[in-house]
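One letter stands for each residue in the lines below.
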Amino acid sequence: DTGVSQDPRHKITKRGQNVTFRCDPISEHNRLYWYRQTLGQGPEFLTYFQNEAQLEKSRLLSDRFSAERPKGSFSTLEIQRTEQGDSAMYLCASSQNIEAFFGQGTRLTVV
Amino acid sequence: GQQLNQSPQSMFIQEGEDVSMNCTSSSIFNTWLWYKQDPGEGPVLLIALYKAGELTSNGRLTAQFGITRKDSFLNISASIPSDVGIYFCAGLYGSSNTGKLIFGQGTTLQVKP
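Residues numbered from 1 in each chain as written. Chains lettered and ligands numbered in written order. Predicted model: local features only at pLDDT ≥ 70, side-chain atom pairs only at ≥ 80, totals over all residues. Heavy atoms only, no water.

Engineer: So what's going on with the overall build of chain A? Residues and values would help.
Structural biologist: If you tally the helices and strands in chain A, you get zero helices and eleven strands. Ordering the α and β elements of chain A from the N terminus gives β-β-β-β-β-β-β-β-β-β-β. Its C-alpha radius of gyration of 13 Å places chain A within 12% of the 13 Å reference for a compact globule of 111 residues. By its C-alpha atoms, chain A is 35 × 25 × 25 Å across when sized along the principal axes. Going through the 111 residues of chain A one by one, you find that 47% of them count as buried. For chain A, the proportion of contacts with a sequence separation of at least 24, taken over those separated by at least 6, is 51%. Accessible surface, chain A: about 5800 Å² in total, of which carbon and sulfur atoms supply 42%. Charged side chains in chain A number 14 positive and 13 negative. The centres of these two groups are separated by 6 Å. (Helix = DSSP H or I, 4+ residues; strand = E, 2+ residues; numbered from the N terminus. Rg over C-alpha atoms; globule rule 2.2 N^0.38 Å. Buried < 20%, exposed > 50% of the residue type's maximum accessible area, 1.4 Å probe, protein only. Contact = heavy atoms within 4.5 Å. Areas by Shrake-Rupley, 256 points an atom, 1.4 Å probe, with all protein chains shown as cover. Lys, Arg positive; Asp, Glu negative; His and termini not counted. Charge placed at Lys NZ, Arg CZ, Asp CG, Glu CD.)

Engineer: Pulling in residues and values, what's your account of the sheet that holds strand E8 (residues 71-76) of chain B?
Structural biologist: Residues and elements named next belong to chain B. Strand order across the open sheet formed by five strands is E1-E3-E8-E7-E6, with antiparallel pairing between neighbours. The strands lining the two open edges of the sheet, one partner per strand, are strand E1 (5-7) and strand E6 (55-58). Pairs of neighbouring strands in the sheet enclose a mean axial angle of 15°, with direction left out of account. Relative to E8, strand E3 (residues 19-24) runs antiparallel, the two being bridged by six bridges. Within E8, the residue paired with Cys23 across the bridge is Ser72. (Pairing = 2+ DSSP bridges. Axes fitted to C-alpha atoms, helices over the stretch in contact; angles between N-to-C directions.)

Engineer: How would you sum up the interface of chain A and chain B? Please name residues and give values.
Structural biologist: The partner chain B presents 21 residues to the 21 residues of chain A that form the contact. Of the roughly 1700 Å² buried at the junction of chain A and chain B (both faces included), carbon and sulfur atoms supply 55%. It is Ile98, Glu99 and Phe102 of chain A in chain A that bury the most area against chain B; as a group they hold 29% of the surface buried on that side. Within the residue set of the side of chain A that touches chain B, elements represented by two or more residues are strand E4 (31-37), strand E5 (44-50), strand E9 (88-95) and strand E10 (101-102) of chain A. Looking at the side of chain A that touches chain B element by element, the count peaks at four residues for E4 of chain A. Across the side of chain A that touches chain B, the residue classes tally to eleven nonpolar, six polar and four charged. (Buried area = accessible area lost by both parts, 1.4 Å probe. Nonpolar A, V, L, I, M, F, W, Y, C, P; charged D, E, K, R; others polar.)

Engineer: So, the state of the cysteines: which residues are in play, and what are the values?
Structural biologist: Inspection of the entire model under this criterion finds two disulfides over all chains. There is a disulfide in this structure between Cys23 of chain A and Cys92 of chain A, and the S-S distance comes to 1.9 Å. Across the S-S bond linking Cys23 of chain A and Cys92 of chain A, the dihedral sits near -65°, which makes this disulfide left-handed. In this pair, Cys23 of chain A sits in strand E3 (residues 19-24) while Cys92 of chain A sits in strand E9, placing the two residues 69 residues apart along the sequence. Of the residues examined, Cys92 of chain A reaches a relative accessible area of 0% and is grouped as buried. There is a disulfide in this structure between Cys23 of chain B and Cys89 of chain B, and the S-S distance comes to 1.8 Å. Every disulfide takes its handedness from the sign of the S-S torsion; for Cys23 of chain B and Cys89 of chain B that torsion is 45°, giving right-handed. (Disulfide = S-S within 2.5 Å.)

Quick look at the structure:
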């Protein structure tokens, strides 16, 4: 399978814990995005990488959120001191130009 | 900020019927994309539109980029049960060259066999 891969698919964590998600983009894509989606809404942009450089971050990305793409290939999204409001589907997408292809997402539930 | 308004919010139709949904904005968009999302899965790209007035088909799906660049519509002909899902429009606006997309709230489609 050469699509965008995300791990884990589901994560349940206690409030206050840290969580980390991984995204493996389509191999030849140099652009990588993270989006967040809550129930009944469309995905909302969080951050964007061009190769290893993080070029844009949304105001939705509080100080508790950090994303990396150390070698311009896979990316990680870490949430520190999780809050119940962080419960959502976290989607990763990659592209070569405009057409973004999404992974299956990581469903985070904070209890 | 930029917003996309999708309508209708939901549709319940009979198998075999044609479906039409649209997406409007108060801002100009340079590119429109249409995605379909199944429960618990990520959005899957259906059609991409790059020029005002462009009409593009993908099987039973047809989408158009509005002349004003502020709207787009998606038609599905002869619907089948597997068309069930949430359809999202997404736009790339203004001079953005990052590929960052703005999504609508989605149109939920249910098809009765």
